[in-house]
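Chain and residue survey
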Amino acid sequence: MMHIVKQQHGRKEGARKLITISLCMIVKNEEDVLARCLDSVQHLVDEIVIVDTGSTDRTKEIARSYTARVIDFPWSDDFSAARNFSFSHATMDYIFWLDADDILPAEEQTKFLTLKRTLSSDIDSVTMIYSLAQDEYGKTISSVRRNRLVKRSSGFRWHGMVHEYLEVWGTILNSDITIIHQPNRCASDRNLQIYERQLAQGAEFSPRDLFYFANELFDHQQYERAIQYYEQFLQTKKGWVEDCIAACGKLADCFYALGDEEQAFRYVYQSFEYDTPRAECCCRLGYYFLQRKQYRLAAFWYHLATQLTMPSDSWGFVHHACWTWLSHLQLCVCYFYMGEYELAYQHNEKAKQYVPHHPAVLHNECLLQSILAAESTFHQTDES
């Protein structure tokens, strides 16, 4: 049975044995980012294991400047095989994994060190927030939660050739430590090609494979094929609830991109069958109605999004804008077109609390201030 516990605070070290940590990584041609990653964590771990899957640049040379444990592993289109191989070479109490284009910022390093000093050996896995994308000010705009630090003696294994996942059980600690993903290259079609080769070889896709293959197709704007595999995924009725909700949202986006608004609406509403509404789906509906100039309907859905609380422990992908400033900014637009300028201004001010330098926020502020000032002058003149 899985037991979830929250972040520990104020634990005394006492005589507790400090845990030891192995950092395990798989890399290939990462000379541009590897040092940046290792510089951010080398002082936090007791061992670094780097598995190279065929680099042709200076990656291994850079890796050897941090650790003697640089091990070759022939690439076989299987990320789990490579990660399990890296885990097999760990020797410390816990295993921490990162990708080469990840970093741990200074404030997160402090949290990590506190965790290391206070972690009970009863904990089997520690989850951390994975910031997938950031805005120009460094604020997270998309995130997901991952099992990041796991007890080596538990023998947890990776599964899946692409978009692999670490299967864990036991007592799990949801920490607030955030790892930042900062790639310096454009997304490639590597993962899509791995799936395509599996498909050509007659491989049977699991529900999870169907979902992530559809995601790859979506990212490459192959909307018709993405629809096919998202629908296959939902039809299995074996998908994780967060993936089912996400699939409905992606299906809506596919159909909207193809000009089929009726199907787009259908799949957004279907997402509500799996759990309470997510802000992302509310914003989709708000956008659809806003495009139709049905401002009150649009405002209803955007307002609902503002009433939802962004989940702190969610394992699904979270698009932060939908849970924070975007709904308020769009409510400003809705109320502007309805002639309710004071409400429009209020929501623009709420958006400004999150994104004070956003061009649309600044434009709206200037426009609405001038309108409200003119209205005030008109009323004063009329009363006199």
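Residues numbered from 1 in each chain as written. Predicted model: local features only at pLDDT ≥ 70, side-chain atom pairs only at ≥ 80, totals over all residues. Heavy atoms only, no water.

**A closer look at the confidence of the model for the protein**
Stated precisely, the cut-off is as follows: You can read pLDDT as the predictor saying how much it trusts each residue, on a scale of 0 to 100. Contacts were defined at the residue level, with two residues in contact if any of their heavy atoms lie within 4.5 Å.
For the protein, the average pLDDT comes to 93, and 93% of its residues sit at 70 or higher. Throughout residues 6-14 the model reports pLDDT below 50, and contacts reaching past four residues in sequence, or to other chains, amount to 16 contacts.

**A short note on the nonpolar core**
Using the following cut-off: For our purposes a nonpolar core is just a set of buried Ala, Val, Leu, Ile, Met, Phe, Trp, Tyr and Cys residues, chained together by side-chain atoms within 4.5 Å. Only protein chains enter the accessibility calculation, which uses a 1.4 Å probe; a residue is then buried when its area is under 20% of its type maximum, exposed when over 50%, and partly exposed in between. Secondary structure counts use DSSP, requiring at least four H or I residues in a row for a helix and at least two E residues in a row for a strand, with both numbered from the N terminus.
Ranked by size, the top nonpolar core spans 74 residues in total, and within it F87, L166, Y230 and L234 carry the most contacts. For this core, the element with the most residues is helix α10 (residues 279-291), which contributes eight residues. Not counting residues within four places of it along the chain, the set of residues in contact with L234 comprises C244, A247, C248, L251, Y267, Q270 and Y274. Counting 34 residues, the second-largest nonpolar core is a separate cluster that includes V33, L34, I48 and I177.

**Quick look at the UniProt feature "domain: Glycosyltransferase 2-like" (unreviewed entry) in the protein**
For clarity, the cut-off: UniProt positions are given in the numbering used here, feature names are shortened, and annotations may be inferred rather than shown by experiment.
UniProt's entry tags residues 22-118 with the feature "domain: Glycosyltransferase 2-like" (unreviewed entry), counted in the numbering of this structure. Measuring from the first to the last C-alpha atom of residues 22-118 gives 17 Å, for a span that is 38% helix and 22% strand.

**What about the domain arrangement of the protein?**
Note the cut-off: By convention here, the domain bounds are inherited from an automatic or database domain assignment. Defined here as a combined quantity, buried area equals the accessible surface (1.4 Å probe) lost by two parts on assembly, summed across both. Whenever a carboxyl oxygen of Asp or Glu lies within 4 Å of a side-chain nitrogen of Lys or Arg, that contact is scored as a salt bridge.
The domain architecture assigned to the protein consists of domain 1 (21-181), domain 2 (186-275) and domain 3 (293-379). Averaged C-alpha coordinates put domain 2 and domain 3 at centres separated by 31 Å. Contact with domain 2, which involves five residues of that partner, is made by five residues of domain 3. At the boundary of domain 2 with domain 3, total buried surface from both sides reaches about 360 Å², with 74% on carbon and sulfur atoms. The tally of links between domain 2 and domain 3 comes to zero salt bridges.

**Things to note about the pattern of salt bridges**
Should their charged atoms come close, side chains of opposite charge can pair. With the rule as written, the count across this model stands at 18 salt bridges. Here R225 ties to E196 by a salt bridge, and the two come within 2.7 Å at their closest N and O atoms. Here E196 lies in helix α5 (residues 190-200) and R225 lies in helix α7 (residues 223-236), a separation of 29 residues in the sequence. Judged by its relative accessible area of 26%, R225 falls in the partly exposed class. A salt bridge links E261 to R292, with the nearest nitrogen and oxygen atoms 3.1 Å apart.

**Re the side chain of E280**
Note the following rule: We score Asp and Glu as negative and Lys and Arg as positive, and we do not count His or the chain ends.
Inspection of the secondary structure puts E280 in helix α10. One buried charged residue, E280, forms no salt bridge at all, with the nearest opposite charge on R278 at 5.9 Å. Setting aside residues no more than four positions away along its own chain, E280 makes contact with F317, V318, H319, C322 and W323.

**Looking at the state of the cysteines**
Here, disulfide denotes a covalent bond that connects the sulfur atoms of two cysteines. Here is the rule we go by: We call a pair of cysteine sulfur atoms a disulfide when they lie within 2.5 Å.
Using the criterion set out here, one finds zero disulfides in the structure. Here C281 stays free of any disulfide, with the sulfur of C282 as its closest cysteine sulfur at 7.2 Å. C281 sits in the buried class, given a relative accessible area of 2%. Note on C283: no disulfide assigned, nearest cysteine sulfur contributed by C322 at a separation of 4.0 Å.

**Notes on the pairing of strand β11 (residues 171-181)**
The following threshold applies: Pairing between strands is defined by DSSP: at least two bridges between the two strands are required.
With ten of eleven residues buried, β11 lies mostly within the body of the structure. Sheet analysis places strand β6 (residues 102-103) next to β11, joined by two bridges and oriented antiparallel. The residue bridging I103 from the neighbouring strand is I180, located in β11. Judged from the six bridges that link them, strand β7 (residues 125-134) and β11 form a sheet pairing that is parallel. Along β11, the bridge assignment pairs V126 with L173.

**Looking at helix α4 (residues 106-118)**
Quick reminder of the rule: Expected helix span is computed as 1.5 Å times (number of residues minus one).
Between its first and last C-alpha atoms α4 spans 19 Å; for 13 residues at 1.5 Å apiece the expected length is 18 Å, and the two agree. Buried residues of α4: E108, Q109, F112, L115, K116 and T118, and no others. Buried residues along α4 sit against β2 (21-27), α1 (34-41), β5 (94-97), β7, β8 (140-151) and β11.

**Brief notes about the packing of helix α9 (residues 261-271) against α10**
The axes of two packed helices give the description: the angle between them and the distance between them. The cut-off we apply is this: Lines are fitted to the C-alpha atoms to define the axes, a helix being fitted only along its stretch in contact, and any angle between axes, read from their N-to-C directions, falls within 0 to 180 degrees. Roughly parallel means an angle under 35 degrees; roughly antiparallel, over 145; roughly perpendicular, 65 to 115; everything else is oblique. Each crossing is labelled by how the near helix is turned from the far one, with a counterclockwise turn of less than a right angle marking it left-handed and a clockwise turn marking it right-handed. Three residue categories are used. Nonpolar comprises Ala, Val, Leu, Ile, Met, Phe, Trp, Tyr, Cys and Pro, charged comprises Asp, Glu, Lys and Arg, and polar comprises the others, including Gly.
The interhelical angle for the contact between α9 and α10, taken along N-to-C directions, is 150 degrees, at an axis separation of 10 Å. Classed by the angle they form, the pair α9 and α10 counts as roughly antiparallel. You can see that α9 and α10 cross each other, and the crossing is left-handed. Touching A264, F265, V268, Y269 and S271 of α9 are C281, R284, L285, Y288 and F289, all from α10. Tallied by class, residues from the contact of α9 with α10 come to eight nonpolar, one polar and one charged.

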